[in-house]
Amino acid sequence: MTTRIGVIGLGAIAVEHLGAYQKNPLADLVAVCDVDVERAKARAEQFAVPKVTGDVAELLSDPDVDAVSVCVPNTLHAPIAEAALRAGKDVLVEKPMTVTVAEAERLVRAVEETGKALQVGYVRRFAPNALVAKRFLDAGEFGDVYAARATLLRAAGNPGGWFGDVELSGGGPLIDLGVHIIDLCWYLMGMPKAVSASGATFSPLGARDNIQNLSRYRAQSAARPNTVEDYATAQIRFENGAVLNVDTSFSLHGRNEIGVRIHGDKGGAEIEPELLMVTERHDTLLHVQPQIDSLGFDFKVGFANQIDHFLRICRGEIPADATAEQGLEMARILTAIYESAERGAEVAITR
Ligand SMILES: NC(=O)c1ccc[n+]([C@@H]2O[C@H](COP(=O)([O-])OP(=O)(O)OC[C@H]3O[C@@H](n4cnc5c(N)ncnc54)[C@H](O)[C@@H]3O)[C@@H](O)[C@H]2O)c1
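Computed from a predicted structure; not experimentally measured. (Residues numbered from 1 in each chain as written. Predicted model: local features only at pLDDT ≥ 70, side-chain atom pairs only at ≥ 80, totals over all residues. Heavy atoms only, no water.)

1. Remarks on the site of the ligand
This is how it is decided: Summary of the distance rule: residues count as near a molecule or strand when at least one heavy atom falls within 4 Å of that molecule or strand. Whenever two N or O atoms come within 3.5 Å, that pair is a polar contact, provided that in protein one can donate a hydrogen and the other can accept it, and provided that, for residues adjacent in sequence, both atoms are side-chain atoms. Areas reported as accessible are Shrake-Rupley estimates using a 1.4 Å probe. Residue values count occlusion only from the protein chains shown. Strands are runs of DSSP state E lasting at least 2 residues, helices are runs of H or I lasting at least 4, and numbering of each runs from the N terminus.
As a matter of local geometry, the ligand sits amid 27 residues, with Asp 34, Arg 39, His 77, Trp 162 and Tyr 217 nearest to it. Take Glu 94: an N or O atom from its side chain is 3.1 Å from a nitrogen atom of the ligand. Here an oxygen atom of the ligand sits 2.7 Å away from a polar atom, N or O, in the side chain of Tyr 217. Bound to the protein, the ligand loses 90% of the 850 Å² it would expose on its own. Secondary-structure elements contributing two or more residues to the shell around the ligand are α1 (12–23) and α8 (173–188).

Laid out in structure tokens, this is it:
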């Protein structure tokens, strides 16, 4: 038996969801939905999906749909994901799960009350470089991880459209890019409870739409005024004493950079830009580089793995991962960073 899939929101990232479902023998694409009905029709044709609608409620009331991917702008994640759970669908919701803690708590309750699964679209967890690092971590190779550093800097990478409008995005690079790398570090740190955050945000450069001869990721929605931060930096403290430092930007006078690193008392790992493990043996420092197809983030393989993981959760074959509770912890962290940036002081994370 296949899982019958509906995809809601049919912009750039939905193409990756649709493509991965189409290739997976455990899924059948049965319905797509977008408020832009012409786009919905085009996607339906592109991926041979039989049902097309511009109305989310119509898709969710369809008994032929077992599970949905939610690929709409960030502030719409919570209401659509909750409606889907309450309509009896399993849900794969793009990151960030929600933009507020209250919404995240509602989703946790909805999962408990409906017994349906919710997976957050933390695709980087499913790429081979992260899977290998996790396997070594779980075997104790790094010991206790007490520090991590997550960096994702774009010099001119504001995607525009709804991404730049805080009313629809909930924030800028921190909530869009930071969420991926914070999650990856946090996941590889063993998901400790966050106790406080200290952050700062800056917006001197704006969306940099003037920059020419440089391609960038673009939202497929109409242009809107840019009201999000250019750059965010933060330190997150955890109950076990560990710290995570984050640096992320849409616009910055600097070079593009990605780095995801964890440091433990027995060893450490760089997951980005290339998987590299470091340790010490016989009074000698070692760099260990696994021989795998892609040492960096393999988006296509990560996406296929993420979708396959979700489908196996829908089938009850494996326990839920990237759960609503984990999305809630992320909402606590991100909102604490923004609050700290506004107040100019460290903010305690209470629960
Ligand atoms: N996992 C990743 O690497 C990754 C990458 C990019 C974006 N994303 C996430 O995916 C989501 C979508 O981003 P995108 O880049 O595809 O944006 P996009 O602007 O390209 O697409 C969003 C689509 O949602 C549609 N939409 C808006 N309101 C809707 C509604 N009420 N009902 C149905 N459809 C609606 C729009 O018409 C548009 O087609 C965001 O949450 C974003 O953070 C994830």
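Don't stop here, the text continues.
2. So, the sheet that holds strand β13 (residues 276–281)
Condition: By definition, two strands form a pair when at least two bridges between them are found by DSSP.
With mixed pairing, the nine strands of this open sheet are ordered in space as β14-β13-β12-β11-β7-β10-β9-β8-β15. Strand pairing shows two members of the sheet lacking a second neighbour, β14 (284–288) and β15 (347–348), which therefore form its edges. Inspection of the sheet shows strand β12 (residues 267–272) paired to β13 by four bridges, in the antiparallel sense. When the bridges of β13 are listed, Gly 268 appears paired with Val 278.

3. A word on the domain arrangement of the chain
For clarity, the threshold we go by: The split into domains, and so the bounds of each, comes from an automatic or database assignment of domains. Contacts were defined at the residue level, with two residues in contact if any of their heavy atoms lie within 4.5 Å. Buried area counts how much accessible surface, traced with a 1.4 Å probe, disappears from two parts once they are put together, with both parts' losses summed. Between Lys or Arg on one side and Asp or Glu on the other, a salt bridge is scored when a side-chain nitrogen of the former is within 4 Å of a carboxyl oxygen of the latter.
Domain annotation of the chain identifies domain 1 (3–123) and domain 2 (125–297 + 323–348). Taken together, the contact between domain 1 and domain 2 spans 27 residues of the former and 26 residues of the latter. Around 2200 Å² of area is buried between domain 1 and domain 2 when both sides are counted, 63% of it from carbon and sulfur atoms. If you sort the residues of domain 1 by the area they bury against domain 2, Lys 95, Tyr 122 and Val 123 come out on top, with a joint share of 31%. The tally of links between domain 1 and domain 2 comes to one salt bridge.

4. Topic: the UniProt feature "domain: GFO/IDH/MocA-like oxidoreductase" (unreviewed entry) in the chain
The line we're drawing: UniProt positions are given in the numbering used here, feature names are shortened, and annotations may be inferred rather than shown by experiment.
The feature "domain: GFO/IDH/MocA-like oxidoreductase" (unreviewed entry), as annotated in UniProt, sits at residues 133–269 in this numbering. Helix makes up 19% of residues 133–269 and strand makes up 32%, while its end C-alpha atoms are separated by 7 Å.

5. Examining the pairing of strand β5 (residues 90–93)
Here is the rule: Throughout this description, buried means an accessible area under 20% of the type-specific maximum (1.4 Å probe, protein chains only), exposed means over 50%, and partly exposed covers the range between. When the strands point away from the viewer and the connection leading from the first strand across the helix to the second strand turns clockwise, the crossover is called right-handed.
Covered by surrounding structure in β5 are Asp 90 and Leu 92 together with Val 91 and Val 93, the residues of both alternating faces. Pairing between strand β4 (residues 67–70) and β5: four bridges, direction parallel. Residue Ala 67 lies in a different strand from β5, and its bridge partner there is Asp 90. The parallel pair β4 and β5, bridged by helix α4 (residues 77–86), forms a crossover whose chirality is right-handed. Two elements, β5 and strand β6 (residues 118–120), share three bridges in a ladder whose sense is parallel. Bridge pairing in β6 places Leu 92 opposite Gln 119.

6. Looking at the sheet that holds strand β1 (residues 3–8)
How we decide: To obtain an axis, a line is fitted to C-alpha atoms, over the contacting stretch when the element is a helix, and the angle between two such axes runs from 0 to 180 degrees between their N-to-C directions.
Taken together, six strands build an open sheet; the order of strands is β3-β2-β1-β4-β5-β6 and the sheet is parallel. Both outer strands of the open sheet, β3 (51–53) and β6, are each paired with one neighbouring strand and no more. Across this sheet, the average inter-strand angle for adjacent strands is 20°, counted without regard to direction. Seen against the sheet, helix α2 (residues 37–46) touches β2 (27–33) and β3 and runs at an angle of roughly 165° to β3. This element, α4, spans β1, β4, β5 and β6 of the sheet and lies at about 160° to β5.

7. What about helix α6 (residues 128–138)?
Every buried residue of α6 is accounted for by Asn 129, Ala 130, Val 132, Ala 133, Lys 134 and Leu 137. Its buried side turned inward, α6 meets β7 (145–153), α8, β11 (257–264), β12 and β13. Among the residues trailing α6, Gly 140 stands out with phi positive, at a value near 85°.

8. Notes on the packing of aromatic side chains
Centre-to-centre distance and the angle between the planes together describe a pair of aromatic rings. Stated formally: Any two rings among Phe, Tyr and Trp, with Trp reduced to its six-membered ring, count as a pair given centres within 6.5 Å; such a pair is stacked if its planes are under 30 degrees apart, edge-to-face if over 60, and tilted if neither.
Counted according to the given criterion, the structure contains five aromatic pairs. Ring centres of Phe 163 and Tyr 217 lie 6.1 Å apart, and the angle between their planes is 90°; on these two criteria the pair is classed as edge-to-face. Highlighted residues: Phe 163 in the loop between β7 and α7 (166–169) and Tyr 217 in the loop between β8 (194–202) and β9 (231–238), separated in sequence by 54 residues. Taking the relative accessible area as the measure of exposure, Phe 163 reaches 10% and is therefore buried. Among the residues examined, Tyr 217 registers a relative accessible area of 39% and is labelled partly exposed.

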